Amino acid sequence: MDLKDPKIHAPPPQKKHRSKLATLDAKVLSFCYSGSMVSWNRFCSLWLLKCGFSPREVGLMKSLSLVGKLIAQPLWAGSADVGAPADVLMGSVVASVATLEALRRGTREGFLQRHVGAGARPHQALWAVAALRVARSASSAASPVADAMVLSLATQGNEAWGRQRFWGSASWGLGSFFVGALIDRVGLEAGIFGSTYMVCAALLCLLFFRVRPRWPSAESDVEAPSTIKKKAPRNLSAVVSHGLVALKRSAPLRLALGDACVFGTLVVVVDSILYMQLENELGVSRTTNGLATTIATASTFPFFWYSSQLMKKFGHWKVLAGAQCILPFRLVLHAFVTPANVAYLLPLCQLLHGPMFACWLSAAVELVATLAPPELAASSQSLLTMAYFTIGGCVGHLVWSAAFEAWGGRATYLVAAGCAVLTALGFLAAIPARRRPP
């Protein structure tokens with residue numbers, strides 16, 4: 001063996017250096033992902049109402065679409081825990097755009113017949129449109145993956161999740177206002193669908209060119225944004241099994257998720273039924289409709305930004321309880337909004353969205369992430385999303401849309417306020433037995 005052979009003394013090959021992702025990437029990802037959902041999620045009820053469907057039918061379709069999301073969310077989240085989350089999120093964005101375009105084509109004829117043709121003719125079959133809504137909802141059900149990615153990057157940078165979610169809320173609020181103004185100028189179809197496709201294209205560019213190349217592989221725990229002490233599940237069935245075991249063993253986790261289901265059911269009244277009322281009963285412009293969301297979203301900024309201080313001072317459970325106690329007061333205020341006072345009373349109601357929603361969501365996300373096993377980062381957020389947005393949203397849209405059609409806005413708000421009082425009292429009674437730190 002020739003000791004002078006340069007191959008013997010050559011240094012070992014170095015791995016190609018990849019610049020790491022930072023909390024700035026978490027903020028941009030949160031901003032873009034939230035923005036991609038604004039146009040359709042915020043104004044879909046308006047589109048369907050203008051296609052000739054009743055509020056009850058719109059609520060029914062929303063509930064059915066959330067059933068599709070209920071089935072799809074654990075599949076998206078489990079796939080992210082097994083493989084590459086950036087790839088999973090890109091797949092979801094592409095699928096959601098494709099199904100949204102199918103939904104546009106499936107409902108466009110009814111919309112044009114009512115607003116362009118001579119007289120209103122029957123709209124498309126309810127179940128056909130509902131099937132398209134289910135497909136769209138299932139394909140866009142990867143929000144727990146985005147939340148888990150943002151939370152992971154925030155943890156790496158020693159920042160609270162709320163400071164990243166701040167930018168998602170900013171995107172939602174600004175997007176709602178601009179899309180509403182755009183609809184007033186270019187019409188519903190171009191405003192809703194055109195803006196969605198543009199933002200989704202920007203999100204795909206971010207994921208493909210920035211996040212995906214720099215996101216660590218499953219084999220490299222050292223470079224991972226968050227340290228994983230246990231061996232991650234290798235397949236989707238293992239992810240589901242781990243999640244069920246964690247849920248069975250943790251009473252605080254069951255309490256948190258059960259509370260999310262009930263709270264999510266009630267919040268539908270101010271997140272969805274409100275905008276049906278603005279369109280059907282109060283007759284405000286789409287710009288004002290979007291501005292209502294902007295005010296509500298702006299009120300969340302300080303609470304998301306200082307969420308970590310709130311958790312340290314009061315603890316997760318007390319923050320959750322405090323947020324729930326605000327909901328009944330907000331619902332009662334909404335019951336007294338009329339066309340005469342909508343200009344000043346509606347903004348006041350919307351300002352309560354910050355302490356109600358931002359505090360609850362920040363506490364819930366961090367609490368569930370703490371209670372669940374660390375190797376199930378995306379799946380644990382999927383459980384929370386399923387409980388609040390999917391199960392709670394499904395039941396809430398089904399119940400409250402029917403109540404709104406039967407009783408009108410004021411009675412719906414007052415009944416929901418009574419339910420919110422009972423829920424808050426029940427949650428306060430349940431906390432002491434499980435108040436130990438997670």
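This structure is a prediction, so every number in the text was calculated from the model and none was measured.

Criteria and thresholds
- Counting restarts for each chain: residues are numbered from 1 in the order of the written sequence.
- Under the rules for a predicted model, residues below a pLDDT of 70 receive no local features and side-chain atom pairs below 80 are neither given nor counted, while totals for whole chains, interfaces and linings still include all residues.
- Side-chain metrics in this entry use all non-hydrogen atoms of the structure; hydrogen atoms and water are not considered.
- The numbering of helices and of strands both runs from the N terminus, where a helix is a DSSP run of H or I of at least 4 residues and a strand a run of E of at least 2.
- When a residue's accessible area, from a 1.4 Å probe over protein chains only, is under 20% of the maximum for its type it is buried; when over 50% it is exposed; and in between it is partly exposed.
- A contact between two residues is defined here by any heavy atoms of the two lying within 4.5 Å.
- Surface exposure here means Shrake-Rupley accessible area, sampled with a 1.4 Å probe, where a residue is shielded only by the protein chains that are shown.
- Only the stretch in contact is used when fitting a helix axis, every axis being a line fitted to C-alpha atoms; angles between N-to-C directions are given from 0 to 180 degrees.
- Roughly parallel covers angles under 35 degrees, roughly antiparallel covers those over 145, roughly perpendicular covers 65 to 115, and oblique covers all other angles.
- Note on scores: pLDDT gives the predictor's confidence for each residue, bounded by 0 and 100.
- As used here, the arc is the angular range of directions from the helix axis to the C-beta atoms.
- Buried Ala, Val, Leu, Ile, Met, Phe, Trp, Tyr and Cys residues form a nonpolar core when they are joined through side-chain atoms within 4.5 Å.
- The definition of a polar contact used here is a pair of N or O atoms within 3.5 Å, where within protein one atom must be able to donate a hydrogen and the other to accept one, and adjacent residues in sequence count solely through side-chain atom pairs.
- A helix is expected to span 1.5 Å multiplied by its residue count minus one.
- Consider a residue and the seven residues that end there alongside the seven that start there; fitting an axis to each set, the bend is the angle between those axes.
- Pairing of aromatic rings covers Phe, Tyr and Trp, the last through its six-membered ring, and needs centres within 6.5 Å; plane angles under 30 degrees mean stacked, over 60 mean edge-to-face, and all others mean tilted.

Quick look at the overall build of the chain
Along its length, the chain carries 18 helices and 0 strands. Within the span of the chain, comprising 438 residues, buried residues form 54% of the whole. Considering only contacts within the chain whose residues lie at least 6 apart along the sequence, 85% involve residues at least 24 apart. If you sum the accessible surface of the chain, you get close to 19,400 Å²; carbon and sulfur atoms cover 66% of it.

Here we look at the packing of helix α13 (residues 307-314) against helix α14 (residues 316-335)
Working note: a packed helix pair is described by the angle between its axes plus the distance between those axes. Put simply, α13 and α14 touch, their axes get as near as 7 Å, and they point 110° apart. Comparing the axis directions of α13 and α14 gives the class roughly perpendicular. Counted together, Leu310, Met311 and Phe314 of α13 and His316, Lys318 and Val319 of α14 form the full contact between these two elements.

Quick look at unusual backbone geometry
Within the chain, Asn158 stands out as a residue other than glycine whose phi angle is a positive 55°. Tracing the sequence through the fold places Asn158 in the loop between α6 (143-156) and α7 (161-186). The exposed category is assigned to Asn158, whose relative accessible area is 73%.

Side note on the confidence of the model for the chain
Should pLDDT be low for a region, the predicted coordinates there are not to be read in detail. With 83% of its residues at a pLDDT of 70 or more, the chain has an overall mean of 83. In this model, residues 221-230 is a region of pLDDT below 50 whose contacts with residues beyond four sequence positions or in other chains number 12 contacts. Overall, residues 232-236 carries pLDDT values under 50, and its contacts beyond four positions in sequence, including any with other chains, amount to 15 contacts.

Here we look at the environment of Ala323
Tracing the backbone shows Ala323 in helix α14. For the pair Ala323 and Cys359, spaced 36 residues apart in the sequence, the C-alpha separation amounts to 6.1 Å. Setting aside its immediate chain neighbours within four residues, Ala323 contacts Pro355, Met356, Cys359 and Trp360.

Focus on the environment of Ala84
Here Ala84 lies in the loop between α3 (55-82) and α4 (85-115). Residue Ala84 is classed as partly exposed on the basis of its relative accessible area of 36%. Separated by 131 residues in sequence, Ala84 and Trp215 have C-alpha atoms that sit 8.0 Å apart.

Description of helix α15 (residues 342-351)
Of the residues making up α15, those classed as buried are Val342, Leu345, Leu346, Cys349 and Gln350. Along the long axis of α15, the arc covered by the buried residues comes to 135°, so they all point the same way. In α15, the exposed positions that point more than 90 degrees away from the buried face belong to Ala343 and Tyr344. Where α15 is buried, its residues meet α10 (251-280), α11 (286-298), α14 and α16 (353-371).

Details of the nonpolar core
If you look at the biggest cluster of nonpolar residues, it comprises 114 residues, and the most contacted ones within it are Trp47, Leu89, Leu331 and Trp360. Element by element, the count of residues in this core is highest for α10, at 16 residues. If near-sequence neighbours (up to four positions away) are discounted, Trp360 is found in contact with Asp259, Ala260, Phe263, Leu320, Ala323, Gln324, Leu384 and Tyr388.

Details of the side chain of Ser171
Tracing the backbone shows Ser171 in helix α7. Look at Ser171 and you get buried, because its relative accessible area is 5%. Within the structure, the side chain of Ser171 is placed 3.0 Å from the backbone nitrogen of Gly35, a separation counted as a polar contact. Setting aside chain neighbours within four positions, we find Ser171 in contact with Phe31, Ser34, Gly35 and Val38.

Remarks on α10
With 30 residues, α10 extends 43 Å from end C-alpha to end C-alpha; this agrees with the ideal 44 Å at 1.5 Å per step. The axis of α10 is deflected most strongly, by about 40°, at Ile273. Counting buried positions over the 30 residues of α10 gives 23, a clear majority of the element. Measuring from the side-chain oxygen of the N-cap residue of α10 to the backbone nitrogen of Leu253 gives 3.2 Å; that N-cap residue is Ser250.

Concerning the packing of aromatic side chains
One pass over the full model with this rule turns up 13 aromatic pairs. Look at Phe177 and Phe178: their rings are 5.5 Å apart centre to centre, the planes differ by 65°, and that puts the pair in the edge-to-face class. Plain terms: the ring middles of Trp317 and Phe427 are 6.3 Å apart, the flat faces sit at 45° to each other, and that makes the pair tilted. Highlighted residues: Trp317 in helix α14 and Phe427 in helix α18 (residues 409-430), separated in sequence by 110 residues.

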